[in-house]
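# Observations on chain architecture
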Amino acid sequence: MSKSRHSTPLPLTAAFDRGPAKYFHGRKEILGNFNEIIEKAVQAKSGTAFLIQGAPGAGKTALLDECGKIAGGQGWKTAGIKPPALWDPDELLRYLGKGRRLSFTGGSGQVGIDAVVKADAKFDIAVNQHLRTTSSILQDGKKPLLLILDEAQTLGTTNAPPSEQSGTATNVLNEIHNGELNRPVILLVAGLGTTADTFRSLGISRFSGKCFVELGALGKESERAVLHDWLKKEGGAKGNPTAWIDAITEETHGWPQHIVSYVDPALKQLVADNRIMTPEGLNAVLEAGRHFRLAYYKSRASGFTSEQRHCFARVFADIPLGESATTTAIMSSLTQEYGEAEAKQLFQLGIEKGLLYDRDGDYAIPIPSMQDWLVTNYAREQINSLHEVQEIHRFSGRDTGAERGR
C-alpha cells in the first residue's frame, strides 16, 4: 500500500471537509489568471488584490492553497493573515514572522552591562517597530509578498476595523489594490457572497476582470478526477471505479463539499469490504452521502424560520433547477410577508448563509439539489397554523426524490 493511503478513513471533521485539498483538480482558468497576475506584478514591481467569492462548500480555501503554492514556487514570500493585520503593525509583523519581544538576560538574576546594552537594543527595535506603519512594513522587503486572507466577509462584520483604524485599513487596501507600495504585493482574498460589497465599503470599488472570481461547481472531468484519486489512491479500491464514480457524481453536482460528503463513507466502506467495490457497498455510500448532503442544506437554511424559507422557495418553485431568479422576484416574495426593511435583511442573510449566490446580477440557489430540497419541503401555498409549521419541521429532514438519487 502506498504511503498516501490511510489504514482507516479520515473522519468527516472541519479539518477534512474544508481547507487545502489533498487531491486537487480543475480551476485551471482561475489558476492561469492568478499566475499571470503574479508575473505581471513582478515585472511592474507593483501589486493588486485578487478576490475569490463563493458560497460555503465551493472550495475557496482549497483554491487559496493552490494559489499560494504557485506564488511560493516562483519565489514569493507567502503569509496567511487575519483582518487586523491590515491596520495593526504589530499584527502584521507577527503574521510575517517578524515580531519581537522585549526580554532581559543576565543569568542568576544579575543584570550586567552587556545585558543592559542588549536589552536597550531590543527595546529600541521594539519601539521602532511599534512606530512603523502597516504600509512601511509592506514596503520593506526584497521578495514579492503574497498576503492570503480567508473568510474576508468578516471585514464587514465581526472583524471590521475599529472606527479609529478604519481610515488606515482603507488606505492600506487601496495602496495594495492600486500597486502603490513600490514592491510586488498581492492580497489574495476569499469569502462568501458579501465579500465584494464589504470591500466596496472599504474603498475598493471594483476588481479587474481577471482578479475577481465567482466560484461555482467543478467541471465534470475535474469532479471525476477528484473522486478517482480518493477511491484509488487514498482508498486503494480494487478494480475499475467507474460505476461508483458515475453514481456518486449523479448526486454531488460538482460541489466540492458534496464530494467530501461521499468520499468519507466511501473510504470507510472500502475498508469494510477489503477494498472491493460492491453494489451493496455503493448503496451504503450513497445513503450516507445523502445524509451529509442533507445536513449541509439544513445548515445553509439555519437562521430562517419555516415561513421565511417558504418565501424563498416559492420564488424558485417554477424556475428550472440551477437557473436564476431576479432580485425583484425574491424581494417581492419577502416584502409581501415581512415589509421592505426586513426583506432586505433576509435577502442579505440569504447571501451570507449561501442560500443564494450572485450570478450576473440575478440570484440562484448554488446547487440544483439544494433548490429541489428547498422547493419540495417549503414551497407551499401558505402556512396558516402551528400544526402546519410543526409538520414542515417534521418532514423537512426526510429524503426527497432528489435525495434518493432519482
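Let me begin by describing the structure that accompanies this report.

How each quantity is defined
Residues numbered from 1 in each chain as written. Predicted model: local features only at pLDDT ≥ 70, side-chain atom pairs only at ≥ 80, totals over all residues. Heavy atoms only, no water. Helix = DSSP H or I, 4+ residues; strand = E, 2+ residues; numbered from the N terminus. Buried < 20%, exposed > 50% of the residue type's maximum accessible area, 1.4 Å probe, protein only. Contact = heavy atoms within 4.5 Å. Areas by Shrake-Rupley, 256 points an atom, 1.4 Å probe, with all protein chains shown as cover. 1 Å grid on protein atoms, 1.4 Å probe; cavity = no way out; pocket = protein on both sides within 12 Å on 5 of 7 lines; lining within 4 Å. Points joined across faces, edges and corners; volume = space filled by probe spheres on them. Nonpolar A, V, L, I, M, F, W, Y, C, P; charged D, E, K, R; others polar. Core = buried A, V, L, I, M, F, W, Y, C linked by side-chain atoms within 4.5 Å. Phe/Tyr/Trp six-rings, centres within 6.5 Å; stacked < 30°, edge-to-face > 60°. Lys NZ or Arg CZ within 6 Å of the ring centre and 35° of its normal. Pairing = 2+ DSSP bridges. Axes fitted to C-alpha atoms, helices over the stretch in contact; angles between N-to-C directions.

### Here's the deal with the overall build of the protein
Helix and strand counts for the protein stand at 16 helices and seven strands. Counting every position in the protein, which comprises 406 residues, the buried fraction comes to 46%. Within the protein, contacts between residues separated by at least 24 positions form 77% of all contacts whose residues are at least 6 apart in sequence. If you sum the accessible surface of the protein, you get close to 19,600 Å²; carbon and sulfur atoms cover 51% of it.

### A short note on the layout of surface pockets
Empty space among the atoms can be located by rolling a probe the size of a water molecule over them. Looking at the second largest pocket, its volume works out to about 250 Å³. Lining the second largest pocket are 16 residues, with Gln 53, Ala 196, Arg 200, Phe 212 and Asp 358 sitting closest to its centre. Contributions of two or more residues to the lining of the second largest pocket are made by α8 (195-201), β5 (212-215) and α14 (327-352). In terms of residues, the lining of the second largest pocket owes the most to one element, α8, which gives three residues. Of the residues contributing to the lining of the second largest pocket, the split by class is six nonpolar, five polar and five charged.

### What about the nonpolar core?
Counting 53 residues, the largest nonpolar core has Phe 50, Ile 52, Leu 188, Phe 316, Ile 330 and Leu 356 as its most contacted members. For this core, the element with the highest residue contribution is α14, accounting for seven residues. If sequence neighbours within four positions are ignored, Ile 330 has contacts with Phe 312, Val 315, Phe 316, Ala 325, Phe 347, Leu 356 and Tyr 363.

### Structural notes on the packing of aromatic side chains
Counting across every chain of the model gives nine aromatic pairs. Centroid distance Phe 304 to Phe 312: 5.3 Å. Interplanar angle 75°. Geometry classified as edge-to-face. Like Phe 304, the residue Phe 312 is buried in the burial classification. When the centroid spacing of 5.8 Å and the interplanar angle of 75° are considered together, the rings of Trp 373 and Tyr 378 count as edge-to-face. A residue is classified by how much of its surface remains accessible, and Tyr 378, at 0% relative accessible area, is buried. Of the aromatic side chains, those joined through ring pairs into one cluster are Tyr 296, Tyr 297, Trp 373 and Tyr 378. The ring of Tyr 95 carries Arg 94 above its face, with NZ or CZ at 4.6 Å from the centroid. Positioned above the aromatic ring of Tyr 296 is the side chain of Arg 300, whose terminal nitrogen or guanidinium carbon lies 5.2 Å from the ring centre.

### Regarding unusual backbone geometry
With a phi angle near 50°, Lys 45 is a residue other than glycine that sits in the positive phi range. Mapped onto the fold, Lys 45 is located in the loop between α2 (28-44) and β1 (48-54). Not every positive phi belongs to a glycine, and Arg 275 is a case in point at roughly 70°. Residue class for Arg 275 comes out buried when judged on its relative accessible area of 13%.

### Topic: the sheet that holds strand β4 (residues 185-191)
What the five strands build is an open sheet, ordered β2-β3-β4-β1-β5; its pairing is parallel. Both edges of this open sheet fall to β2 (77-81) and β5, since each of them pairs with a single strand only. Strand-to-strand twist in this sheet, taken as the mean axis angle between neighbours without regard to direction, amounts to 15°. Where β1 meets β5, four bridges bridge the pair, whose relative direction is parallel. Along β5, the bridge assignment pairs Ile 52 with Val 213. Along the sheet, helix α7 (residues 166-177) makes contact with β1, β3 (145-149) and β4, crossing β4 at roughly 115°.

### Brief notes about helix α15 (residues 368-378)
Counting buried positions along α15 yields nine of eleven residues, so the element is predominantly enclosed. Listed in full, the buried residues belonging to α15 are Ser 369, Met 370, Gln 371, Asp 372, Trp 373, Leu 374, Val 375, Asn 377 and Tyr 378.

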